[in-house]
Amino acid sequence: LMPKYKFLTEEWVAEAKAIRERHAGEASPPAHTMKMNQIITDVPFGDGTVHSHIDSTGGEMKMDLGHLDDPELTVTLDYETAKAILVDGNPQAGMQAFMAGKIKVEGDMTKLMALQSGVVDPAALKVAEEIKAITE
């Protein structure tokens, strides 16, 4: 049985990165590239806020803690919504939260819309399933 980690803890981020690295080169490059900072609020550990980023400009989706210096957009959302989108793979949760005003976007909104419309690569789906399996 795989150990489980709380979403967005340093251990979870390290394990998710290791999963992505194990599958490096298997997925097609993202159809749309972006550099996005995330501010995740209502986090049930630490000081209640996590700063992270997603960068796909190098041809693969990379997620890590901390912020990029030159993001194309910054998204602020709560922990449960972030988990629903990033771990459960539920874009509807993201859309509903956005419509309800729970997601704030600064910067290039078209990058976020493009991400929503992307076709899911089977290898990317496998990575997502493994990440979901390590998340409590």
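Residues numbered from 1 in each chain as written. Predicted model: local features only at pLDDT ≥ 70, side-chain atom pairs only at ≥ 80, totals over all residues. Heavy atoms only, no water.

Engineer: Provide a residue-level description of the overall build of the protein chain, including the pertinent values.
Structural biologist: Looking only at helices and strands, the protein chain features five helices and five strands. Across the protein chain, helices and strands are ordered from the amino to the carboxyl terminus as α-β-β-β-β-α-α-β-α-α. Its C-alpha atoms give the protein chain a radius of gyration of 14 Å, within 12% of the compact-globule value 14 Å for 136 residues. Reported as C-alpha extents along the three principal axes, the dimensions of the protein chain are approximately 40 × 35 × 30 Å. A burial count over the protein chain gives 36% of its 136 residues as buried. For the protein chain, contacts bridging at least 24 residues in sequence account for 67% of all contacts bridging at least 6. Accessible area of the protein chain: about 7700 Å², with a carbon and sulfur share of 55%. Taking the average place of the 13 positive charges on the side chains of the protein chain and the average place of its 22 negative ones, the gap between the two points comes to 4 Å. (Helix = DSSP H or I, 4+ residues; strand = E, 2+ residues; numbered from the N terminus. Rg over C-alpha atoms; globule rule 2.2 N^0.38 Å. Buried < 20%, exposed > 50% of the residue type's maximum accessible area, 1.4 Å probe, protein only. Contact = heavy atoms within 4.5 Å. Areas by Shrake-Rupley, 256 points an atom, 1.4 Å probe, with all protein chains shown as cover. Lys, Arg positive; Asp, Glu negative; His and termini not counted. Charge placed at Lys NZ, Arg CZ, Asp CG, Glu CD.)

Engineer: Got a sec to walk through the nonpolar core? Specific residues and values, please.
Structural biologist: The biggest cluster of nonpolar side chains holds 26 residues, and the ones touching the most others in it are Phe7, Leu8, Trp12, Met36, Ile40 and Val75. Of all the elements in the fold, those that place two or more residues in this core are α1 (10-22), β1 (35-41), β2 (50-55), β4 (73-78), α2 (79-86) and α5 (122-133). Ranked by residues supplied to this core, first place goes to α1 with four residues. Ignoring any residue separated from it by four or fewer positions in sequence, one finds Ile40 in contact with Leu8, Gly48, Thr49, Val50, Ser52, Leu77, Asp78, Tyr79 and Ala82. (Core = buried A, V, L, I, M, F, W, Y, C linked by side-chain atoms within 4.5 Å.)

Engineer: Quick one: what's the story with the confidence of the model for the protein chain, residue by residue and with numbers?
Structural biologist: Averaged over every residue, the pLDDT of the protein chain is 90; the share at 70 or more is 96%. Looking across the protein chain, the model is least confident in helix α4 (residues 109-117), with a mean pLDDT of 78, and most confident in β1, with 97. (pLDDT = per-residue confidence, 0-100.)

Engineer: Just give me the short version of α2, but keep the residues and values in it.
Structural biologist: Every buried residue belonging to α2 is among Tyr79, Thr81, Ala82, Lys83 and Ala84, and all of these are buried. Packed against the buried residues of α2 are β1, β4 and α3 (91-99). Two to three positions downstream of the cap, the backbone nitrogen of Glu80 sits 3.2 Å from a side-chain oxygen, assigning the N-cap of α2 to Asp78. (Polar contact = N/O pair within 3.5 Å; in protein donor to acceptor, adjacent residues only side chain to side chain.)

Engineer: Could you give an account of the pattern of salt bridges, naming the residues involved and the relevant values?
Structural biologist: Following the criterion strictly, the structure yields five salt bridges and no others. Glu136 is paired through a salt bridge with Lys6; the nearest N and O atoms lie 3.6 Å apart. Placement of the pair is Glu136 in the segment after α5 and Lys6 in the segment before α1, with a sequence separation of 130 residues. Note on Glu136: relative accessible area 46%, which makes it partly exposed. Where Asp70 meets Lys35, a salt bridge forms, and the shortest distance between an N and an O atom there is 3.0 Å. (Salt bridge = Lys/Arg side-chain N within 4 Å of Asp/Glu carboxyl O.)

Engineer: Describe the packing of aromatic side chains, naming the residues involved and giving the relevant values.
Structural biologist: Counted according to the given criterion, the structure contains three aromatic pairs. Between Phe7 and Tyr79, the aromatic rings sit 5.4 Å apart at their centres with planes inclined by 55 degrees, giving tilted as the arrangement. Taken as a pair, Phe7 in the segment before α1 and Tyr79 in helix α2 lie far apart in primary sequence, 72 residues in all. Taken as a pair, Phe7 and Tyr79 share a single burial class, namely buried. (Phe/Tyr/Trp six-rings, centres within 6.5 Å; stacked < 30°, edge-to-face > 60°.)

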